[in-house]
Amino acid sequence: MSVLPSRFIYLCLHFLVLYFQLQESQQTSADFRIYIENHTRNPDDLSRKQVRIYQLYSRTTGKHVQILGKKVNANGDDGGKYALLVVETETFGSHIRIKGKESEHYICMNEKGKIVGRPDGRKQECVFVEEFLENNYTALVSAKYKGWYLGFNRKGRPKKGSRTTQRQQEVHFMKRQPKGRLDPLEEFRFTPVTKRTRRARRLKTNSKRN
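Residues numbered from 1 in each chain as written. Predicted model: local features only at pLDDT ≥ 70, side-chain atom pairs only at ≥ 80, totals over all residues. Heavy atoms only, no water.

Identification of the protein as Fibroblast growth factor from Pagothenia borchgrevinki is taken from an unreviewed UniProt entry.

This is the structure in structure tokens:
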């Protein structure tokens, strides 16, 4: 008779342990979800992964995006000081902020879909998500206003986000290094070794010995 109560108590304790483990797991998942949401909505300086300087070539105008202060257009010359962009990449990959190196204003999109330059880029309106297209161009969609893209018409004027789609050429851009500056990846390209290069190396070594 004493075996049944003991087994019953053991089973109760076992289920209690499983229950508390499940509660702890759910709490951990909830905390991680909150962490992700907070860092996506309000990313700070510590969450930035990378900072790069490059230009955004507009497929529509054939020129570059430039930030003049409060005004933003796509009429910048290659290597122009207002066309140099400081691009801050978030921890979560494709989330970026775009700041003018000269003007120190960020590209932002307000609730009306208007593109403006602002000195403070910490708000979600100033965060864009990179979308890599099959034609080697990049589209930038607002992180706050889903489906609204950064885009410029043929005159280089900003388009309202509500009037843009990913398929429009007005929202297609290409990353380019500033005029006279090589892509950092160029430094990691290797010269293939052939019979001619081996012979040249031997001749160079022999000349140094002599």
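Now that the structure has been shown, we can carry on.
(A) View of the state of the cysteines. Taken as a whole and assessed by the stated rule, the structure comprises one disulfide. Disulfide pairing is shown between Cys108 and Cys126; the S-S distance is 1.9 Å. Between Cys108 and Cys126, the S-S dihedral sits near 95 degrees, and the bridge is therefore right-handed. With Cys108 in strand S6 (residues 106-109) and Cys126 in the loop between strand S7 (115-118) and strand S8 (128-132), this pair connects stretches of sequence that are 18 residues apart. Taking the relative accessible area as the measure of exposure, Cys108 reaches 0% and is therefore buried. With a relative accessible area of 0%, Cys126 lands in the buried category. (Disulfide = S-S within 2.5 Å. Helix = DSSP H or I, 4+ residues; strand = E, 2+ residues; numbered from the N terminus. Buried < 20%, exposed > 50% of the residue type's maximum accessible area, 1.4 Å probe, protein only.)

(B) Highlighting the nonpolar core. If you look at the biggest cluster of nonpolar residues, it comprises 19 residues, and the most contacted ones within it are Leu56, Val65, Ile98, Ile107 and Leu150. Secondary-structure elements contributing two or more residues to this core are strand S1 (48-58), strand S2 (64-67), strand S3 (72-76), strand S4 (85-90), strand S5 (95-100) and S6. Contact partners of Val65, with chain neighbours within four places excluded, come to Leu56, Val72, Asn73, Ala74, Tyr82, Ala83, Leu85, Ile107, Phe152 and Phe173. Counting residues in hydrophobic clusters, the runner-up holds 10 residues, among them Tyr57, Val127, Leu133 and Tyr149. (Core = buried A, V, L, I, M, F, W, Y, C linked by side-chain atoms within 4.5 Å. Contact = heavy atoms within 4.5 Å.)

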